[in-house]
Amino acid sequence: MSRRDTAWKNAEILLLRHQLVVVQRQLGERARPKVSWADRALITLLLGLIPASRQHRLRLIVTPGTVLRWRRDILRRRCPLCQDQVRHQGQQLLVELEG
């Protein structure tokens, strides 16, 4: 990537961040954004690509706890069989620990 491309990309990111700050300031801290399931999936996916050490610097429209809940909900809906297996394994582990 050339220097010009990198500068353009960085300028666009800064512009988007600033617009987000302006909108958040206008709405106030108590305002809650209305996000669709597609928004939730995209935010969750993109945050998964960013290292955890850098995530705390991001200005998100939702809290990190909300993103974790969305991730659990997405996994629960996408893989109900996986959830049953995990639940069953957890129950087996409890029986083994008690016995």
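As the structure is a computational prediction, the values presented were derived from the model and not from experiment. (Residues numbered from 1 in each chain as written. Predicted model: local features only at pLDDT ≥ 70, side-chain atom pairs only at ≥ 80, totals over all residues. Heavy atoms only, no water.)

### Section: the packing of helix α2 (residues 37–49) against helix α4 (residues 64–78)
Thinking step 1. At their nearest, the axes of α2 and α4 sit 10 Å apart, and the two run at 110 degrees to each other. Viewed along their axes, α2 and α4 adopt a mutual orientation that is roughly perpendicular. Facing α2, whose interface residues are Arg40, Ala41, Ile43, Thr44, Leu47 and Gly48, α4 presents Val67, Trp70, Arg71 and Ile74.
Thinking step 2. Of the residues assigned to the contact of α2 with α4, the class counts are 6 nonpolar, 2 polar and 2 charged. (Axes fitted to C-alpha atoms, helices over the stretch in contact; angles between N-to-C directions. Helix = DSSP H or I, 4+ residues; strand = E, 2+ residues; numbered from the N terminus. Parallel < 35°, antiparallel > 145°, perpendicular 65-115°, else oblique. Contact = heavy atoms within 4.5 Å. Nonpolar A, V, L, I, M, F, W, Y, C, P; charged D, E, K, R; others polar.)

### Some details on the confidence of the model for the chain
Thinking step 1. For the chain, the mean per-residue pLDDT works out to 77, and 79% of the residues sit at or above 70.
Thinking step 2. Of all the helices and strands in the chain, helix α5 (residues 80–98) carries the lowest mean pLDDT, 61, while α2 carries the highest, 84. (pLDDT = per-residue confidence, 0-100.)

### Observations regarding the layout of surface pockets
Thinking step 1. Size it by volume and the largest pocket reaches roughly 750 Å³.
Thinking step 2. Looking at the largest pocket, it is lined by 19 residues, and the ones nearest its centre are Arg17, Ile50, Leu58, Arg59 and Leu60.
Thinking step 3. Going through the elements one at a time, α1 (3–27) and α2 are the ones with two or more residues in the lining of the largest pocket.
Thinking step 4. Among the residues making up the lining of the largest pocket, the classes are represented as 14 nonpolar, no polar and 5 charged. (1 Å grid on protein atoms, 1.4 Å probe; cavity = no way out; pocket = protein on both sides within 12 Å on 5 of 7 lines; lining within 4 Å. Points joined across faces, edges and corners; volume = space filled by probe spheres on them.)

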